[in-house]
Amino acid sequence: MKHRDSEARDKIIPFVNDFYRDNHRSPSLRQISAFTGIPRMTVQRMLNTFADEGIIDYDGETIVTEVTNKVENEVTPVGVLGNIPCGNLSLEEAAIEEIVLLPVSLIGKGEFFILHARGDSMTGAGINDGDMVLIKKTEEAYPGQIVVAYVEGEGNTLKTYKEKNGKAYLHPENKKYADIPLHDCKIQGIAVSVTRKLDTKGRTGK
């Protein structure tokens, strides 16, 4: 029995770890069974056994191993959006292209998403059409920070937050566009970093 348990552990635990890295959640009993070829009821029994032995933590749904616990503590899932959605960012899931895991040590703690910049209104800040911008969710910003804000009747936009004579406004980093009074919009997040779009030869855009 111990030999069989060892064989099951060598199949189940690595799959749980790999699945968590890719999906940032535990696989279901059905998914484990389909991958390992072990009957679902046996999988559940083995998970309970592993938990009793202190190999994993298992509450009947979430499986925590040494590896998944380390991944959870070191990375955060970030949704990549096709472009800035026209509407409240609480609905961003409908536009998510993929989920990426980014190191907490690199981006800090909080909720984040990545969007594809559109247009040329921020070229003066070094953000070009197609660049990927990492955004931290917040409703507050300091002057000089680049923010994503929802403009009533127009949708979301990426601009620099500024204040003058006690009034706040959004400033496009391109003289072709006019400033936007902040009373007409709501801040959704601040830009943390920008990844340049690559051209067809793998070079970053200018």
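Everything that follows concerns the structure shown earlier in this document.
Residues numbered from 1 in each chain as written. Predicted model: local features only at pLDDT ≥ 70, side-chain atom pairs only at ≥ 80, totals over all residues. Heavy atoms only, no water.

**Student:** Any details on the overall build of the protein chain? Residues and values, ideally.
**Tutor:** Looking only at helices and strands, the protein chain has 5 helices and 11 strands in total. A burial count over the protein chain gives 38% of its 206 residues as buried. Across the protein chain, contacts joining residues at least 24 apart in sequence account for 56% of those joining residues at least 6 apart. (Helix = DSSP H or I, 4+ residues; strand = E, 2+ residues; numbered from the N terminus. Buried < 20%, exposed > 50% of the residue type's maximum accessible area, 1.4 Å probe, protein only. Contact = heavy atoms within 4.5 Å.)

**Student:** Could you give an account of helix α3 (residues 40-52), with specific residues and numbers?
**Tutor:** Taking 1.5 Å of rise per residue, 13 residues should cover 18 Å, and α3 covers 19 Å from first to last C-alpha, within 8% of that figure. Where α3 terminates, the next one or two residues include Gly54, which has phi positive at roughly 80°. (Expected span 1.5 Å × (residues − 1).)

**Student:** How would you summarise the pattern of salt bridges if you had to cite specific residues and measurements?
**Tutor:** Per the stated rule, a full pass over the model turns up 4 salt bridges. Asp131 serves as the salt-bridge partner of Arg196, at 3.6 Å between the closest nitrogen and oxygen. Residue Arg196 is located in the segment after β11 (185-195), and its partner Asp131 is located in the loop between β5 (112-116) and β6 (132-137); the two are separated by 65 residues in the primary sequence. Owing to a relative accessible area of 2%, Asp131 belongs among the buried residues under this scheme. (Salt bridge = Lys/Arg side-chain N within 4 Å of Asp/Glu carboxyl O.)

**Student:** Tell me about the nonpolar core, residues and numbers included.
**Tutor:** Ranked by size, the top nonpolar core spans 16 residues in total, and within it Ile12, Ile32, Leu47, Phe50, Ile56 and Ile63 carry the most contacts. Secondary structure elements with two or more residues in this core: α1 (2-23), α2 (29-36) and α3. Looking at this core, the element that brings in the most residues is α1, giving 6 residues. Not counting residues within four places of it along the chain, the set of residues in contact with Leu47 comprises Ile12, Leu29, Ile32, Ile56, Tyr58 and Ile63. (Core = buried A, V, L, I, M, F, W, Y, C linked by side-chain atoms within 4.5 Å.)

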